[in-house]
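Next come the chains, spelled out residue by residue.
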Amino acid sequence: MSAGSSDRRRLTRKGAETRARIVDAAAQLIYEHGVASTTIEEVRDSARVSSSQLYHYFDDKPALVRAVIERQADMAIGTQERFDLSSLEGLREWRDFVVDHTRETGGRGGCPVGSLGPALAETEPEARAMLAVAFKRWEASIMAGLLRMHALGRLGPDADPRQLALALLAALEGGLLLAQIQRDPEPLAAGLDAMLRLIASLSTTSTSLEG
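Residues numbered from 1 in each chain as written. Predicted model: local features only at pLDDT ≥ 70, side-chain atom pairs only at ≥ 80, totals over all residues. Heavy atoms only, no water.

Draft legend 1. Structural context of the nonpolar core. The biggest cluster of nonpolar side chains holds 56 residues, and the ones touching the most others in it are Trp-138, Leu-172, Leu-192 and Ile-199. Among the elements of the structure, α2 (13-33), α3 (40-47), α5 (61-80), α6 (88-105), α8 (125-151), α9 (161-182) and α10 (186-201) are those that each provide at least two residues to this core. When residues of this core are assigned to their parent elements, the largest contribution, nine residues, is made by α5. Aside from chain neighbours lying at most four places away, what touches Leu-192 is Trp-94, Arg-95, Val-98, Val-99, Leu-168, Ala-171 and Leu-172. (Core = buried A, V, L, I, M, F, W, Y, C linked by side-chain atoms within 4.5 Å. Buried < 20%, exposed > 50% of the residue type's maximum accessible area, 1.4 Å probe, protein only. Helix = DSSP H or I, 4+ residues; strand = E, 2+ residues; numbered from the N terminus. Contact = heavy atoms within 4.5 Å.)

Right under this line is the structure:
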């Protein structure tokens, strides 16, 4: 369990709600404007708290950014886990959800986790480490579905669920970045579809992912 999770367990319900409101406000501002352009004062005002309240929960901006990383990772992984990634049908439903959402937003904001990387990877070692852990968690979540697919005999014996999970995550992140820059979900759809076709080719079922 992370230190942040441990700290939250010691909060009162009201304290936890206030902390969550601050993190939610910071996450929204960072998602819209980026880490560098988001100030503590803007977060304070958006969360409708005082400076003393904000600094009660977070020592400084880097601490708040780390909380945002954890929050964004939890939400992204939790959303993905609504889908059954142990079946071709479930993988297709997840793909459609991600692409449709990107189409609706016009790609704005990019990946809620991955978009934090460029601003932090070279300047905030602790935040970079947290992002690396977040992506490992995300990869593990995808891999859990593919491992179950493998165990159920839906993937051929020579398929490597870990490599497939890592490649699928890479296709997702690269596709979201290109969709953000081009304001077009086509790169995301192309990357995910290529991976789903590969998984389908390794599948022992006759279900097709074409279409």
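Draft legend 2. Looking closely at the environment of Leu-176. Of note, Leu-176 is situated in helix α9. For the pair Leu-176 and Thr-102, spaced 74 residues apart in sequence, the C-alpha to C-alpha distance is 7.8 Å. Leu-176 has contacts with Thr-102, Gly-110, Cys-111 and Leu-188, leaving out every residue within four places of it along the chain.

Draft legend 3. Molecular detail of α2. Given a rise of 1.5 Å per residue, 21 residues ought to cover 30 Å, and the 30 Å separating the end C-alpha atoms of α2 matches this to within 8%. Three or more residues of α2 are buried, namely Gly-15, Thr-18, Arg-19, Ile-22, Val-23, Ala-25, Ala-26, Ala-27, Leu-29 and Ile-30. One or two residues past the end of α2 sits Gly-34, with phi positive at roughly 95°. (Expected span 1.5 Å × (residues − 1).)

Draft legend 4. Seen up close, the packing of aromatic side chains. Inspection of every chain in the model, using the stated rule, returns two aromatic pairs. The interplanar angle of 45° and the centroid separation of 5.4 Å between the aromatic rings of Phe-83 and Phe-97 together place this pair among those described as tilted. Linking Phe-83 in the loop between α5 and α6 with Phe-97 in helix α6, this pair joins segments that are 14 residues apart in sequence. For Phe-97, a relative accessible area of 32% gives the class partly exposed. Between Phe-135 and Trp-138, the ring centres sit 6.1 Å apart and the planes meet at 0°, which makes this aromatic pair stacked. Here Trp-138 and Phe-135 lie together in helix α8, a separation of three residues that amounts to about one turn. (Phe/Tyr/Trp six-rings, centres within 6.5 Å; stacked < 30°, edge-to-face > 60°.)

Draft legend 5. A look at the packing of α6 against α10. It is the contact of α6 with α10, at a shortest axis distance of 10 Å, that shows an interaxial angle of 175°. For the element pair α6 / α10, the angle class is roughly antiparallel. Listed contacts from α10 to Leu-88, Leu-91, Arg-92, Trp-94, Arg-95, Val-98, Val-99 and Thr-102 of α6 are Leu-188, Ala-189, Leu-192, Asp-193, Leu-196, Ile-199 and Ala-200. Its residues assigned to classes, the contact of α6 with α10 comprises eleven nonpolar, one polar and three charged. (Axes fitted to C-alpha atoms, helices over the stretch in contact; angles between N-to-C directions. Parallel < 35°, antiparallel > 145°, perpendicular 65-115°, else oblique. Nonpolar A, V, L, I, M, F, W, Y, C, P; charged D, E, K, R; others polar.)

Draft legend 6. How the structure looks around the side chain of Ser-203. By secondary structure assignment, the location of Ser-203 is in the segment after α10. In contact with Ser-203, not counting residues within four places along its chain, are Leu-88, Arg-154 and Leu-155.

Draft legend 7. Local environment of unusual backbone geometry. Non-glycine residue Arg-48 carries a positive phi angle of around 60°. Position of Arg-48 relative to the elements: it lies in the loop between α3 and α4 (51-57). Exposure remark for Arg-48: the relative accessible area of 62% places this residue in the exposed category.

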